[in-house]
Amino acid sequence: MEQMLENLGGRVFAVAAPVLSEHPGRCMHLKVKMREWIAEYREAAGALDCEAIDGDAVVLLRTQDLLNLTHPWLRPHSLALFLQTAMRGMHVHLLPDVTFTMAPSVLNTVPHVRFKAEALHRERLRKMHQKLGIHLVNGADGREHWYGCSKMTARCFGTVLDDMPSYLYAGRWTPPCCMHALRSTTRHVIAELEAAGVRYWLEGGSLLGAARHGDIIPWDYDVDVGIYLEDVNKHLLLQHAASDAVEDEQGFLWEKAREGDFYRVHYSHTNRLHVDLWPFFPHNGLMIRESWIKSHPQDRAFPESFLLPLGKLGFAGIQANVPNNHRQFLELKFGRGVIENPQFPNPAKLRFF
């Protein structure tokens, strides 16, 4: 114990010693990306200074350092402890030559008790990660562990006001689980449109994301796709959605949007992350709509020549249709230099940092 005390101080907020067990404590590197809602673990072979301890260990730290954490008693204790200290850039020092022993637990040999303990641990993990705002954990073994929303739950953020989701005000980007839902919905919708012969192209901020990131904009909360109005009847789900919401075989919900003359495809009935389908029709060489969204300055007519022929760009893990001169198209809609100069959806509310 004296040796452990001697090593406390500076960036070393805690000292750990392995317990002689099936899984003795070892150093792990841990990086918490709060903006992206992600925690990443990687092996720290041979290292004695790191951000986390994996396995059984005795951990010594000052009482005041523990109480200074936002959630000092959050369980599972060691995981919650190291996640919070990694956020603050603190390290733990491992003393491999100092070891402790642990008496075997008789309870772990009873299958029913072990099953209940494992279920309780999984629930505590879920609650802990959500409490700390971590929705995806990338393990050192390459596996992903998700703790955010799913097809069976509501999305991670509430009503979007003035085109600004709440997470942007907290300095964070779209949660990875929400981004996963948007990508899945996008791939599903585009596959459906292509199979039915519906002409489509990426619109607005989604086209901007494809041009700038090769994907959805990291802080975006929906996907915009333009379609030819005359092609709506080619797709059975779009026909049905014009009068009533319909759920397809994969659990995606198709409906006519309440806000105007366009369609919306949700990730599920419960999770309303969505792709908006905007019907356009040609008139005197321009692509126009039956109605426009006044709060969206980029919502304007454009020459049909941008769609004859269509181009391709990477987006949501696939190659999606885009206007043939996407830079000129985007600058017509948003202004010069829009690809090189990122902005949040409503710069009047919050400027890009």
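Because the structure is a prediction, the values reported are computed rather than measured.

As a further point, take the environment of Pro176. One can find Pro176 in helix H6 (residues 176-196). Overall, Pro176 belongs to the buried group, its relative accessible area being 11%. A sequence separation of 48 residues divides Pro176 from Met128, and the C-alpha atoms of the two residues are 17 Å apart. When neighbours within four sequence positions are excluded, Pro176 is seen to be in contact with Glu36, Trp37, Ile38, His135, Leu136 and Trp146.

The peptide bond linking Arg75 to Pro76 adopts the cis configuration, its omega dihedral lying at 0 degrees. Checked against the element boundaries, Pro76 lands in the loop between helix H2 (63-67) and helix H3 (77-87). With a phi angle near 55 degrees, Asp162 is a residue other than glycine that sits in the positive phi range. Tracing the chain through its elements places Asp162 in the loop between strand E10 (144-146) and helix H5 (166-169). On the accessibility criterion, Asp162 (45% relative accessible area) is partly exposed. Phi at Asn284 is positive, roughly 55 degrees, even though this residue is not glycine.

Turning our attention to the state of the cysteines. Two cysteines, two sulfur atoms, one covalent bond between them: this is a disulfide. Taken as a whole and judged by the stated rule, the model has 1 disulfide. Here Cys27 engages in a disulfide with Cys50; their sulfurs sit 2.1 Å apart. Residues Cys27 and Cys50 are joined through a disulfide that is left-handed, its torsion about the S-S bond being -80 degrees. Of this pair, Cys27 sits in strand E2 (residues 26-33) while Cys50 is found in strand E4 (residues 49-50), placing the two residues 23 residues apart along the sequence. Residue Cys27 is classed as buried on the basis of its relative accessible area of 4%.

Next up on the list: the packing of H3 against helix H4 (residues 111-131). For any two helices packed against each other, the geometry comes down to the angle between their axes and how far apart the axes lie. Packing of H3 against H4 brings their axes to within 10 Å, and their N-to-C directions diverge by 20 degrees. The pairing of H3 with H4 is recorded here as roughly parallel in orientation. Like other packed secondary-structure pairs, H3 and H4 cross with a definite hand, here right-handed. Between H3 and H4, the residues in contact are Leu79, Ala80 and Leu83 and Leu125, Met128 and His129, respectively.

As a further point, take the side chain of Asp231. Mapped onto the fold, Asp231 is located in the loop between strand E12 (223-228) and helix H8 (236-241). Here Asp231 falls in the buried class, since its relative accessible area comes to 2%. One polar contact links Asp231 to Arg199, side chain to side chain, over a distance of 2.8 Å. Other than its neighbours up to four places away in sequence, Asp231 contacts Gly197, Val198 and Arg199.

This brings us to the nonpolar core. Judged by nonpolar contacts, the single largest core of 62 residues is most densely connected at Leu193, Val225, Ile227, Trp254 and Leu277. No other element matches the 8 residues that H6 contributes to this core. In this structure, Ile227 is in contact with Leu193, Val198, Arg199, Tyr200, Trp201, Val232, Leu238, Leu277, Trp278, Pro279 and Phe280, ignoring residues within four places of it in sequence. Judged by nonpolar contacts, the second largest core, of 29 residues, contains Val32, Phe82, Ala86 and Tyr147.

Another aspect to go through is the UniProt feature "domain: LicD/FKTN/FKRP nucleotidyltransferase" (unreviewed entry) in the protein chain. In this numbering, the UniProt entry assigns the feature "domain: LicD/FKTN/FKRP nucleotidyltransferase" (unreviewed entry) to residues 195-248. Between the C-alpha atoms that bound residues 195-248 there is a distance of 15 Å. The span itself is 31% helix and 20% strand.

Rules and cut-offs
- Residues numbered from 1 in each chain as written.
- Predicted model: local features only at pLDDT ≥ 70, side-chain atom pairs only at ≥ 80, totals over all residues.
- Heavy atoms only, no water.
- Helix = DSSP H or I, 4+ residues; strand = E, 2+ residues; numbered from the N terminus.
- Buried < 20%, exposed > 50% of the residue type's maximum accessible area, 1.4 Å probe, protein only.
- Contact = heavy atoms within 4.5 Å.
- Disulfide = S-S within 2.5 Å.
- Axes fitted to C-alpha atoms, helices over the stretch in contact; angles between N-to-C directions.
- Parallel < 35°, antiparallel > 145°, perpendicular 65-115°, else oblique.
- Left-handed = near helix turned anticlockwise from the far one by under 90°.
- Polar contact = N/O pair within 3.5 Å; in protein donor to acceptor, adjacent residues only side chain to side chain.
- Core = buried A, V, L, I, M, F, W, Y, C linked by side-chain atoms within 4.5 Å.
- UniProt positions renumbered as here; feature names shortened; annotations may be inferred.

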